[in-house]
Amino acid sequence: MGPNNFHSSMPNNSSNKYENNDSIRVSVLSEALPYIQKFAGRRIVIKYGGSAMSNKNLKEAVFRDIALLSSVGAHPVVVHGGGPEINQWLKKLEIDSEFRDGLRVTNSETMDVVAMVLTGRVNKQIVNGINNVGASSVGICGIDGRLLEARPWGNGSHGLVGEVAKVNSEVIEPLIAKGYIPVISSVASSDKGVTYNINADTAAGEIAAAIGAEKLILLTDTLGILRDQNDPLTLLQHVRLPEVRELIDQGVVNGGMTPKTECCIRALAQGVTAAHIIDGRIPHALLLEVFTDKGIGTMITGRG
Ligand SMILES: Nc1ncnc2c1ncn2[C@@H]1O[C@H](COP(=O)(O)OP(=O)(O)OP(=O)(O)O)[C@@H](O)[C@H]1O
Ligand SMILES: [Mg+2]
């Protein structure tokens, strides 16, 4: 806005579209003020799902939202998936993989690809993307500084799929304190030095609980939890903890949505105030969720 436009945001009856745009922008900013104040200094864990990484413009919008959250004083921490990209590389290398309980059954050949794609390619693309829009991020995986200690999931029923045995968040605390945005891929090691593939939703939930996050936001490729996956009008906007269990038991929640809802349950039980499952295909979904009155997607809270 140039200095001569200073008085332009007065009435709505202006015929100049630029002046109108300015006044919209100013009122949007003003609506965001209480939220900016609420989240200043608070941690927000964002699980950036592989399914929400499909297109370049959307990716850039996500990076800008994360950078904006950081510049207004919130502390975003990003945990990412990368399912579609892992699938592409497995296909190129002619390695079959199977999903069970929403988790990728992982043998050592698959594990190598998962580790390479997540920690090498996807992680660095996100770090680069966030840095390019003016914030500073640092990419690590669960092995670095023993951030995530793994153990086999379900007694090894899914091969090298791991669950989180422990979170050692000391490694990211200095980064957060200095204003860096940690970008975490959920590859982790056990106390025996075996590398495990941990579902990124699960990792995000445990990290959110360990660092005392205010919010856990899961960005994915669906509107939120739908009662009928073929009908967007069946979006559940607010679900309380006891109802989440029922949705899992009834099979309404299945596939990739299962680890999401389970990690929300665990994060809320460990003190995170609210968890949100939102549609990463909507431009600026993150800002809509954090900075507007209505929010989008599905919000999961405790009993209240
Ligand atoms: N009740 C439900 N409502 C909405 N989606 C559901 C439901 N039950 C299962 N799903 C499935 O869950 C999928 C989202 O999980 P998915 O694991 O595919 O994505 P992601 O976690 O964002 O990506 P990644 O695993 O790569 O990080 C949806 O695309 C949908 O197919
Ligand atoms: Mg998933």
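Residues numbered from 1 in each chain as written. Chains lettered and ligands numbered in written order. Predicted model: local features only at pLDDT ≥ 70, side-chain atom pairs only at ≥ 80, totals over all residues. Heavy atoms only, no water.

Here we take up the overall build of the protein. In terms of helices and strands, the protein carries nine helices and 14 strands. For the protein, whose C-alpha radius of gyration is 20 Å, the value lies close to the compact-globule estimate of 19 Å for 304 residues. Counting only C-alpha atoms and orienting by the principal axes, one finds that the protein spans roughly 65 × 40 × 40 Å. Sequence separation of at least 24 residues holds for 71% of the intrachain contacts in the protein that already meet a minimum separation of 6. Per element, the accessible surface of the protein, about 15000 Å² overall, is 51% carbon and sulfur. For the protein, the separation between the mean place of its 29 positive charges and that of its 31 negative charges on side chains is 3 Å. (Helix = DSSP H or I, 4+ residues; strand = E, 2+ residues; numbered from the N terminus. Rg over C-alpha atoms; globule rule 2.2 N^0.38 Å. Contact = heavy atoms within 4.5 Å. Areas by Shrake-Rupley, 256 points an atom, 1.4 Å probe, with all protein chains shown as cover. Lys, Arg positive; Asp, Glu negative; His and termini not counted. Charge placed at Lys NZ, Arg CZ, Asp CG, Glu CD.)

Before going further, it helps to spend a moment on the layout of surface pockets. Considered as a void within the structure, the largest pocket measures approximately 720 Å³ in volume. Taken together, 37 residues form the lining of the largest pocket, with Ser51, Phe99, Gly102, Asn199 and Gly256 sitting closest to its centre. Breaking the lining of the largest pocket down by element, the ones donating at least two residues are helix H3 (83-92), strand E4 (103-105), helix H4 (108-132), strand E10 (195-198), helix H6 (200-210) and helix H8 (257-269). Of the residues forming the lining of the largest pocket, the biggest block, four residues, is contributed by H3. Here the second largest pocket defines a volume of roughly 370 Å³. (1 Å grid on protein atoms, 1.4 Å probe; cavity = no way out; pocket = protein on both sides within 12 Å on 5 of 7 lines; lining within 4 Å. Points joined across faces, edges and corners; volume = space filled by probe spheres on them.)

Now for the state of the cysteines. Tallying each qualifying case throughout the model produces zero disulfides. Counting only cysteine sulfurs, Cys263 is the nearest neighbor of Cys264, a cysteine outside any disulfide, at a range of 4.5 Å. (Disulfide = S-S within 2.5 Å.)

Moving on to the side chain of Ser185. By the element assignment, Ser185 lies in strand E8 (residues 181-185). By relative accessible area, Ser185 is classed as buried at 0%. Excluding its chain neighbours within four sequence positions, the residues that come into contact with Ser185 are His80, Leu118, Thr119, Asn123, Ile140, Cys141 and Gly142. (Buried < 20%, exposed > 50% of the residue type's maximum accessible area, 1.4 Å probe, protein only.)

This paragraph deals with the pairing of strand E14 (residues 298-301). Pairing of strand E12 (residues 238-240) with E14 involves three bridges; the strand directions are parallel. By the bridge assignment for E14, His238 is matched with Met299. Here strand E13 (residues 274-279) runs beside E14; their pairing, made up of three bridges, is antiparallel. By the bridge assignment, Ala275 is partnered in E14 with Ile300. (Pairing = 2+ DSSP bridges.)

In the neighbourhood of ligand 1, 23 residues make up the surrounding shell, with Lys47, Thr220, Asp221, Asn254 and Lys260 lying closest. Gly50 places a polar main-chain atom, nitrogen or oxygen, 3.2 Å from an oxygen atom of ligand 1. Backbone polar atom of Gly83 to an oxygen atom of ligand 1: 2.8 Å apart, as the coordinates give it. Look at ligand 1: alone it shows 640 Å² of surface, and the protein chains cover 82% of it. Given that more than half its atoms are within 2 Å of the pocket grid, ligand 1 belongs to the largest pocket. Every element with two or more residues in the shell around ligand 1 is listed here: H3, strand E11 (215-220) and H8. (Near = heavy atom within 4 Å. Polar contact = N/O pair within 3.5 Å; in protein donor to acceptor, adjacent residues only side chain to side chain. Sits in = over half its atoms within 2 Å of the grid points.)

With respect to the helices and strands, the residue Ile44 is situated in strand E1 (residues 43-48). Ile44 sits in the buried class, given a relative accessible area of 0%. Separated by 80 residues in the primary sequence, Ile44 and Lys124 have C-alpha atoms spaced 21 Å apart. Those residues in contact with Ile44 that lie beyond four places of it in its chain are Phe39, Leu69, Ala74, His75, Pro76, Val77, Lys215, Ile217 and Val290.

Before going further, it helps to examine unusual backbone geometry. The backbone of Asp101 shows a phi angle near 60°, a positive value even though the residue is not glycine. In this fold, Asp101 is placed in the loop between strand E3 (98-100) and E4. One non-glycine residue with positive phi stands out, namely Asn155, at about 55°. With respect to the secondary-structure elements, Asn155 resides in the loop between strand E6 (148-152) and strand E7 (161-167).

Attention now goes to the pattern of salt bridges. Per the stated rule, a full pass over the model turns up ten salt bridges. Taking the shortest distance from any N to any O, the salt bridge between Glu206 and Arg266 comes out at 2.6 Å. Of this pair, Glu206 sits in helix H6 while Arg266 sits in helix H8, placing them 60 residues apart in sequence. What makes Arg266 partly exposed here is its relative accessible area of 45%. (Salt bridge = Lys/Arg side-chain N within 4 Å of Asp/Glu carboxyl O.)

So, on to the pairing of E10. Across two bridges, E7 lies against E10 in parallel orientation. Residue pairing in the sheet places Val161 in a bridge with Asn197 of E10. One ladder, built from three bridges, connects strand E9 (residues 187-189) with E10; its direction is antiparallel. Counted as the bridge partner of Ala188 is Tyr196 from E10. With antiparallel pairing between neighbouring strands as the criterion, E9 and E10 make up a hairpin whose turn holds five residues, including Gly193 at a positive phi of roughly 80°.

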